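The lines below spell out each chain.
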Amino acid sequence: MLSLMTARDGNGLLSRRHFVAGGAGLLVATPAALAGLDLPPGMTRPGGGFGVYGQPSPHEKHTARAIAANRDLPGNGVSWTPLQDLEGIITPSGLHFERHHGGVPAIDPAQHRLGLHGRVGKPLTWTVAELLRYPRVTRQLFIECGGNSNSLWNAEPRQTSAGAMHGLASCSEWTGVPLRLLLEEAGAEKGATWLIAEGADAGGLHLSIPMKKAMDDCMLALWQNGERLRPEQGYPMRLVVPGWEGVTHVKWLHRLELASEPAMSRFETGRYTDLLPSGKARQFSFVIEPKSVITSPSPGQLLRDKGVYQISGLAWSGRGAVKKVEVSADGGKTWVQAALDGPVQRQCFTRFRIAWQWRGQAALLKSRVTDDTGASQPERSALVAERGRHGEFQFNGIVCWAVDEDGEVSHVYA
Amino acid sequence: MCMRRLALAGALALTTVAYAADLGRELPHTPLGKPLTAANVPTIWPDGRGLPAGQGGVVAGERLYAERCQSCHGERGTGGSGGHLAGRSALAGPNPDRTVANYWPYAATVFDYIRRAMPPAAPWSLTADETYALTAYVLHLGGVVPADAVLDARSLVAVRMPNRDGFVPSSEAREAGVR
């Protein structure tokens, strides 16, 4: 078995072929069933009762969002999804990242109204109850804040968990009303090329979205992962704009206005625009470019013993579906294609996996995604050369984790 | 209309699998929107449409700023928990200032943002005159208007922001008519 497991790929990555060959030998013998009457304690006394809403095991308290908020305004800040502690592709609703500028409003759905006006034939308003009678669609979609991973623009690599670096990205099953139905009901005028969406939060965050996208695949989401939206995710309703920057997914949505131009609000001019080395800034950079990150092993984790480790991570692209993910254990000299959990969906997290033989050697782990449009992730150095270090938004460069001889994982630029 | 659509959907169901996520398909439903009569629309456009009547100047703005803004933005906008509002370091330089005066393309946006978001403990609490005054003061901090400037809807929009031409729209925005 050992000889079969000796990887010929770069620095220990085990391709599928090695896996198959070594498969049988990899099985660890299960412990003998019941040796004597040494029973698990739970078998000898009655367990706990029922709960109206289930909670995670008390042993999983560490699986929590990291928070960074303004010291004078606790509702202005972010909380990151702990990507390093999660598996699969769906983010539990209570761990979905948050980015609020004016805190979470407490909204009574019976009082909430959605208005649609501006360049329409008939300005209209709906109650939540009325919207609940419209046709619904469900899609699993990621949402990523444009400011996700922004520490990687810094000159020095930040040392924190994968989630606290890249966890302003989460993925949920969203259910709601196709926005198109509401826009058609009000009757968009010919010149209506932009949709202004406004939240009912302090500061009334508002954003402009081209009508083409609004009519194509946007959703007025009322459910997340099977239940109604959480307050911090926009209860009772938010916009979902598949594959586009998080800030466009306006939460606590209460007003839609059709217009022939964007509103040029603060959040599409002074912020969420990407400053380039020339001094010019990219504006309305809506589409999330292909991106991936290895969540295990990742910084803060420790490889305790030598042997085979299961490298696992997430890949996504706002342009379409993930086509392939390659992983390198030697800093990008050689790459091996990882396996993808299916089904692979458009504008959705995709889980990738590859086994890796760690013999106690130093290693540089990287992942690189290519989507079905052919777009792929640039090396960080290439991205920084093109965009400079003051863009703040839209970082999608390749991320590198270093494993040292002691099995410690850290974040490096390499 | 809906009966016809329902019949059509029924026929389709017999012959093909219909995927709900195909947003382009027929979705029979009763339109339930009620006429909207709201007159007060908060949007302020870059050309000044939506700006309210009223006026205010740098002098009044400085006084208001000391009372309601300085605790978070510092004396003369030099910074605090709310970030700095003054500062004009070159956008192409090593420490670019993305401040209002240095970065924002439209003066109307400044009025809009202060009115709807500042001070954070009481958004929408400033009067139109106060908002014009604070807008004038913030623009003055960045050297965009002189110390004796008084702004109203017309003169605010006449302020040409230094970085007005500093933005490159994405292809999606260009397709929707932004130059």
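Residues numbered from 1 in each chain as written. Chains lettered and ligands numbered in written order. Predicted model: local features only at pLDDT ≥ 70, side-chain atom pairs only at ≥ 80, totals over all residues. Heavy atoms only, no water.

Here we take up empty space enclosed by the protein. All names here are of chain A. According to the stated counting rule, one finds 6 cavities of 30 Å³ or more in the structure shown. There is about 240 Å³ of room inside the largest cavity. Residue contributions to the lining of the largest cavity peak at 3 residues, all from strand 4 (residues 98–100). For the lining of the largest cavity, the per-class residue count stands at 8 nonpolar, 7 polar and 5 charged. Size it by volume and the second largest cavity reaches roughly 60 Å³. Taken together, Glu144, Cys145, Gly146, Asn148, Ile288, Glu289, Lys291, Gln394, Phe395 and Asn396 form the lining of the second largest cavity. Classifying every residue of the lining of the second largest cavity gives 3 nonpolar, 4 polar and 3 charged. Split by domain, the lining of the second largest cavity shows at least three residues from each of two domains, domain 1 (113–282) and domain 2 (291–412). (1 Å grid on protein atoms, 1.4 Å probe; cavity = no way out; pocket = protein on both sides within 12 Å on 5 of 7 lines; lining within 4 Å. Points joined across faces, edges and corners; volume = space filled by probe spheres on them. Helix = DSSP H or I, 4+ residues; strand = E, 2+ residues; numbered from the N terminus. Nonpolar A, V, L, I, M, F, W, Y, C, P; charged D, E, K, R; others polar. Domains from an automatic or database assignment.)

As a further point, take the pairing of strand 23 (residues 363–371) of chain A. Residue and element names in this part refer to chain A. Most of strand 23 is tucked away, with 7 of its 9 residues classed as buried. Sheet topology note: the strand 19 (residues 322–328)/strand 23 ladder contains 6 bridges and is antiparallel. Bridging from a neighbouring strand, Val325 pairs with Val369 of strand 23. Pairing geometry for strand 23 and strand 24 (residues 400–403), over 4 bridges, is antiparallel. Looking at the pairing, Leu365 lines up with Trp401 of strand 24. (Buried < 20%, exposed > 50% of the residue type's maximum accessible area, 1.4 Å probe, protein only. Pairing = 2+ DSSP bridges.)

What follows covers the domain arrangement of chain A. Residues and elements named next belong to chain A. Domain boundaries assigned for chain A yield domain 1 (113–282) and domain 2 (291–412). A C-alpha centroid distance of 28 Å is found between domain 1 and domain 2. The partner domain 2 presents 31 residues to the 38 residues of domain 1 that form the contact. In this assembly, domain 1 packs against domain 2 so that about 2,900 Å² is buried in total across both faces, 58% of it on carbon and sulfur atoms. Its largest share of buried area at the contact with domain 2, domain 1 owes to Phe142, Leu152 and Trp153, together 28% of the area lost on that side. Counting across the interface, domain 1 meets domain 2 through 1 salt bridge. (Contact = heavy atoms within 4.5 Å. Buried area = accessible area lost by both parts, 1.4 Å probe. Salt bridge = Lys/Arg side-chain N within 4 Å of Asp/Glu carboxyl O.)

Residues and elements named next belong to chain A. Among the structural elements, Glu232 can be located in the loop between strand 12 (227–228) and strand 13 (238–240). Given a relative accessible area of 13%, Glu232 falls into the buried group. A polar contact is formed between the side chain of Glu232 and the side chain of Arg65, at a distance of 3.3 Å. If near-sequence neighbours (up to four positions away) are discounted, Glu232 is found in contact with Arg65, Glu98, His100, Val104, Lys251 and Trp252. (Polar contact = N/O pair within 3.5 Å; in protein donor to acceptor, adjacent residues only side chain to side chain.)

Residues and elements named next belong to chain B. Two elements in contact, helix 2 (residues 58–68) and helix 6 (residues 128–141), have axes whose closest approach is 7 Å; the angle formed by their N-to-C orientations is 95°. Comparing the axis directions of helix 2 and helix 6 gives the class roughly perpendicular. Contacts from Val58, Ala60, Gly61, Glu62, Leu64, Tyr65 and Arg68 of helix 2 reach helix 6 at Glu130, Ala133, Leu134, Ala136, Tyr137 and His140. Residue composition of the contact of helix 2 with helix 6, by class: 8 nonpolar, 2 polar and 3 charged. (Axes fitted to C-alpha atoms, helices over the stretch in contact; angles between N-to-C directions. Parallel < 35°, antiparallel > 145°, perpendicular 65-115°, else oblique.)

We now examine the interface of chain B and chain A. The interface is formed by 53 residues belonging to chain B together with 69 residues belonging to chain A. Counting the surface lost from both chain B and chain A, the interface buries some 4,800 Å², and carbon and sulfur atoms represent 60% of this. In this structure, the connection of chain B to chain A is made through 5 salt bridges. The shortest N-O distance in the salt bridge between Arg49(B) and Glu261(A) comes to 2.4 Å. Applying the counting rule to chain B against chain A returns 28 residue pairs in polar contact (both at pLDDT 80 or more). Among the secondary structure elements, those contributing two or more residues to the side of chain B that touches chain A are strand 1 (34–35), helix 5 (107–117), strand 4 (167–169) and helix 8 (171–175) of chain B. Of the residues forming the side of chain B that touches chain A, the biggest block, 5 residues, is contributed by helix 5 of chain B. Residues that form the side of chain B that touches chain A fall into these classes: 33 nonpolar, 11 polar and 9 charged. As defined by bridge partners, strand 6 (residues 124–127) of chain A adjoins strand 1 of chain B across 2 bridges and the pair is classed as antiparallel. When the sheet's bridge partners are listed, Thr125(A) is paired in strand 1 of chain B with Lys34(B).

A word on unusual backbone geometry. In this structure, the amide linkage connecting Tyr235(A) to the following residue, Pro236(A), adopts the cis form with an omega of 5°. Note on placement: Pro236(A) falls in the loop between strand 12 and strand 13. Between Met118(B) and Pro119(B) the backbone carries a cis peptide bond, its omega angle lying at -15°. If you trace the backbone, Pro119(B) turns up in the loop between helix 5 and helix 6. With a phi close to 50°, Asn225(A) is a non-glycine residue in the positive phi region. The backbone of Glu392(A) sits at a positive phi, close to 65°, despite the residue not being glycine. Checked against the element boundaries, Glu392(A) lands in the loop between helix 7 (380–387) and strand 24. Judged by relative accessible area, Glu392(A) falls into the partly exposed class, the value being 27%.

With that settled, the discussion passes to helix 5 (residues 179–186) of chain A. Where burial is concerned, most of helix 5 of chain A is hidden: 7 out of the 8 residues are buried. Among the residues of helix 5 of chain A, Leu179(A), Arg180(A), Leu181(A), Leu182(A), Leu183(A), Glu185(A) and Ala186(A) are the ones counted as buried.

With that settled, consider the pairing of strand 19 of chain A. Each regular strand displays side chains that alternate between the two surfaces of the sheet. Residues and elements named next belong to chain A. In terms of burial, strand 19 is largely enclosed, as 5 of its 7 residues are buried. Bridge analysis of strand 19 against strand 20 (residues 336–337) gives 2 bridges, and the strand direction is antiparallel. Residue pairing across strands places Val327 opposite Val336, the latter belonging to strand 20.

What follows concerns the nonpolar core. Grouped together as the largest cluster of nonpolar side chains are 102 residues, with contacts concentrated most on Leu114(A), Leu116(A), Leu179(A), Leu182(A), Leu253(A), Leu139(B) and Met161(B). The leading source of residues in this core is helix 6 of chain B, at 8 residues. Aside from chain neighbours lying at most four places away, what touches Leu116(A) is Pro123(A), Leu124(A), Trp126(A), Leu182(A), Leu183(A), Ala186(A), Leu256(A), Leu258(A) and Leu36(B). (Core = buried A, V, L, I, M, F, W, Y, C linked by side-chain atoms within 4.5 Å.)

Before going further, it helps to spend a moment on the environment of Leu141(B). Residue and element names in this part refer to chain B. By the element assignment, Leu141 lies in helix 6. Between the alpha carbons of Leu141 and Val100 there is a distance of 9.4 Å; along the sequence they are 41 residues apart. Leaving out residues up to four positions away in the same chain, Leu141 has contacts with Arg76, Gly77, Leu85 and Ala86.

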